Amino acid sequence: MNIAIASVGGQGGLTLSRVLAVAAVLDGHSVRTGETLGMAQRFGSVVSYVRVGGRVLSPVFSEGEADFLLGLEIIEAVRALRLLRRGGLAIVSDALKPPVSASLKRESYDRAELLKYMSDRAKLLVVPAQDLAAQAGNPRAANMVVLGAFGRLQTVLTEGSIRRAISEVIHPRWLEGSLKAFELGAEFCVRSGFARARSD
Amino acid sequence: MRNVLKAPEGERLALMGNEAIARGLVEAGVSVVTGYPGTPSSEVLMTLHEFGAGGDIYVEWAVNERVAFEIAYGASIGGARAAVTMKAPGASVALDPLISSAYGGVEGGLMVLVADDPGPHTTQTEQDDRWLGFLAKLPVLSPSSPQEAKDLTVASFELSEAVKLPVILRTTTRVNHAVGDVVLGPLRPPKRVVLFRKDVPRFVRAGMAWNLERHRWLNRQLSTVEEVFEKVSAVRNTAEGSGKACVVTEGAAYNYVAEAVSELGAEVKIVKLALLFPPPRRFLSEVLEDCERVLVVEELDPYVETLVRSLLSELGRGVPVYGKTASGMALEGELNTRIVREAIASALLGSAAARRSATAEPSRSIGVPPRPPPMCPGCPHRNTYVALLLGMARAGYGRDEVPVFGDIGCYALGAQPPLEAIWTEHSMGASISMAMGLKVAGYDKPVVAVIGDSTFFHAGIQPLIEVAHKQIDVLVVIVDNSVVAMTGHQSTPAWPELESGRKARPMSIESVVKAIGVDRVEVVDPYDLDEAIEAFARLLREPGVRVLISRHPCALMEARVKGVPYRYRVIEDRCVGCLACVRVTGCPALYFDGQRVRIAEEDCLGCGLCARFCPYKAIEVIRSG
């Protein structure tokens, strides 16, 4: 399973990637992630690659090789769309953060138009991640909302391992809000008809 | 997070390459670890700090890489195990003592982590430090994964002590910043100073006869490295698969080769080198014996290709060797599995380009604006640049008349629109000396050098001595945000307490500058913009060496410590969408929605610069929460 995570630096894309890696190891899989780190990525485009499987080696993959695209921001999700394979699934937060380069040119971006562009090309689940994160009591946990939706739409990682991974990676101070955000993401996914409720 | 330094042997964890190296250092019983922050190497020391290693052993950032190396070398000649970490340009900073260390050699193991950055992702050049082996005459090891990074860290100490030479662990971003599953090894107590035995011919490089003798010693030591490495290292030079078609590779490129060969289902022998210098000649001669075609897959320079070509030529074996000449194998940038798959198919298998995966978006028919990293909301460097540009105007200069020499740090992001404030960003400390060079060559308008606090401590002090001594007209702006911000908020020499908990004597930039002999020193807070503009205007008109310290803490650090009591918002019916706020500040919390500007409230840190420049008073302060 290949997962591309597209985000704006500071939104928690790297945390999301690490939670997936820890969950993969807890479930006994081999894992690789590839990303570039450093404070200087703040507010810049960030793509993380996560690979889970029997024997994965490369920390990155190419166009058309992602089974899932997790987008924490709409423009970044469109930028990374070419990574998604035909028939792959995009799970995208409805957050829209146009960059300075666009505003300087008086360019504006329409949420509905960008989302239609994606839904014309891929299976798309749009998640009101910021609202649900705020509802969960941690406005910065939009990444965990998207993770919650993703958790219900894949079969490789167990929900228990993802939860345990969240507990290992997230600072105790933010943990409760993050787990709640994860829960709300999963519920939203079921409500939207994309996934069935778990029997357990 | 699990404490990766204390977790028991046998446990399997998801670790980033640099975390695995930190674990490897503890498994090896290191007692001194130092370095200078630099992406992608910084997380080794950060991991040791985060999980409390600083209590048991010496783990501290040093003022620059050469000082860091010399500290580690001093420890190792006394028998302690020591390590030093740096990014690629840092290895160039440390090169003088590094090369001399090969002549004196070590007693305790000494590992030098040099993290290269093909891509490049975060580095000014794509320098290929595998050549350091030939230049410095030191063994070079190369891991392909986080697991190997840990295991080769441990092996580098065994090798270093056996051959009595520092060992370079050369990594790339795709190893340092890759997360992989890593099985932990046993821990051992730190190996501290045993005894420093006085040995003048060995450790004093002032005697030329001694140096000649030590050079002979060094070459003898190098001749034993391959054999010793095979004995002490858990990660070997390996050959897998069989066939007359061979791929020789190392480091991150191995992963792409192994996956490509498996996807192609081809009969190809994969030769992976873990020892890059001295060249593992015996191993290569054996494994390449029955190869009829050889493809070398490596990032950046044709380093392994040069070794393989020269060895096969010496052996009189006229087999075709493909490397940088093969399709897609550029001298620049990174490889990936797809590029390598196509190169193997065309060079070794003579088949057409292999399949590509069908993407959801075969071609793009929508505009996606670029998003290069900007300065953060609230960044004090933004205020400094705005004040500098306005101060230039007030002093009667056009912004194209006053060259601004930049330096390395977050403030280099001031090169981006709309500020476009700096004209150069070259190497650590170069802002001051390059500004001096232009001035002594006859440039008749003011010149400005902008350098960060940590960069000033790292490599700016000597250039300031140079301009002060020669009395050159340069305005030096030290942008002091009290932290090494760009690489992840590490300590500077101005901190009274370090990450390890160690108490320190904080260095005062003003005192250093004054002691150098600069008489004209001012300090401003760039958040007090009027005062800062006035200071720039005043100092730009004056002759001589002037230093302006523009001091305000990094906004992210300040927000973390003090919280964000105020934010700003746009009053919708007042904003006319003139974009003055965006054009002055370039703040990423601002965006244009088609009619007016909005502020992403969750990103605003409340500096108020946008409100100040709004001609319509359409931005108001709000209490956050």
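Everything that follows concerns the structure shown earlier in this document.
Bear in mind that the values here come from a model prediction, so they are computed numbers and not experimental data.

**Here's the deal with the sheet that holds strand β1 (residues 12–16) of chain B**
Okay, step 1: Here 8 strands make up an open sheet; going across it, the order is β6(A)-β5(A)-β4(A)-β1(A)-β3(A)-β2(A)-β8(B)-β1(B) and the pairing mixed. Since the sheet does not close on itself, it has two edges, and those belong to β6 (123–127) of chain A together with β1 of chain B, each with one partner. Pairwise comparison of adjacent strand axes, ignoring direction, gives a mean angle of 25° for this sheet.
Okay, step 2: In the sheet, strand β2 (residues 30–34) of chain A pairs with strand β8 (residues 179–183) of chain B via 2 bridges, with the strands oriented antiparallel. Bridge assignment links Thr33(A) to a residue of β8(B), and that residue is Val179(B).

**Some details on the packing of helix α7 (residues 159–169) of chain A against helix α8 (residues 172–191) of chain A**
For any two helices packed against each other, one specifies the inter-axial angle together with the distance between the axes.
All names here are of chain A.
Okay, step 1: Remark: α7 packs on α8, axes separated minimally by 10 Å, with the N-to-C direction vectors making an angle of 150°. Compared by their axis directions, α7 and α8 come out roughly antiparallel. Handedness of the crossing formed by α7 with α8: right-handed. Counted together, Glu159, Ile162, Arg163, Ile166 and Ser167 of α7 and Leu175, Ser178, Leu179, Phe182 and Glu183 of α8 form the full contact between these two elements.
Okay, step 2: Its residues assigned to classes, the contact of α7 with α8 comprises 5 nonpolar, 2 polar and 3 charged.

**Comments concerning the sheet that holds strand β6 (residues 140–141) of chain B**
What holds strands together in a sheet is hydrogen bonding between their backbones, with the strands either parallel or antiparallel.
All names here are of chain B.
Okay, step 1: Pairing within the open sheet is mixed, and its 7 strands lie in the order β3-β2-β4-β5-β7-β6-β12. Each of the sheet's edge strands pairs with one partner strand only, and the pair in question is β3 (58–61) and β12 (275–277).
Okay, step 2: The sheet strands contacting helix α2 (residues 43–50) are β2 (32–35), β3, β4 (82–87) and β5 (110–116), and the helix crosses β3 at an angle near 130°.

**Quick look at the interface of chain A and chain B**
Okay, step 1: Tallying the contact residues gives 65 residues for chain A and 72 residues for chain B.
Okay, step 2: Interface area, chain A with chain B, both sides summed: about 5,900 Å², of which 55% is carbon and sulfur.
Okay, step 3: Linking chain A to chain B there are 7 salt bridges.
Okay, step 4: Note that Glu259(B) and Arg51(A) form a salt bridge whose closest N and O atoms lie 2.7 Å from each other.

**Observations regarding unusual backbone geometry**
Residues and elements named next belong to chain B.
Okay, step 1: Geometrically, the link from Thr39 to Pro40 is a cis peptide bond, its omega value of 5° lying close to zero.
Okay, step 2: Position of Pro40 relative to the elements: it lies in the loop between β2 and α2.
Okay, step 3: The phi torsion at Lys137 lies on the positive side, around 60°, for a residue other than glycine.
Okay, step 4: Structurally, Lys137 can be placed in the loop between α6 (132–136) and β6.

**Observations concerning α7(A)**
Okay, step 1: Of the positions making up α7(A), those classed as buried are Glu159(A), Ser161(A), Ile162(A), Ala165(A), Ile166(A), Glu168(A) and Val169(A).
Okay, step 2: Buried-residue contacts for α7(A) involve α1 (13–26), α6 (142–153) and α8 of chain A.

What counts and how
Residues numbered from 1 in each chain as written. Chains lettered and ligands numbered in written order. Predicted model: local features only at pLDDT ≥ 70, side-chain atom pairs only at ≥ 80, totals over all residues. Heavy atoms only, no water. Pairing = 2+ DSSP bridges. Helix = DSSP H or I, 4+ residues; strand = E, 2+ residues; numbered from the N terminus. Axes fitted to C-alpha atoms, helices over the stretch in contact; angles between N-to-C directions. Parallel < 35°, antiparallel > 145°, perpendicular 65-115°, else oblique. Left-handed = near helix turned anticlockwise from the far one by under 90°. Contact = heavy atoms within 4.5 Å. Nonpolar A, V, L, I, M, F, W, Y, C, P; charged D, E, K, R; others polar. Buried area = accessible area lost by both parts, 1.4 Å probe. Salt bridge = Lys/Arg side-chain N within 4 Å of Asp/Glu carboxyl O. Buried < 20%, exposed > 50% of the residue type's maximum accessible area, 1.4 Å probe, protein only.

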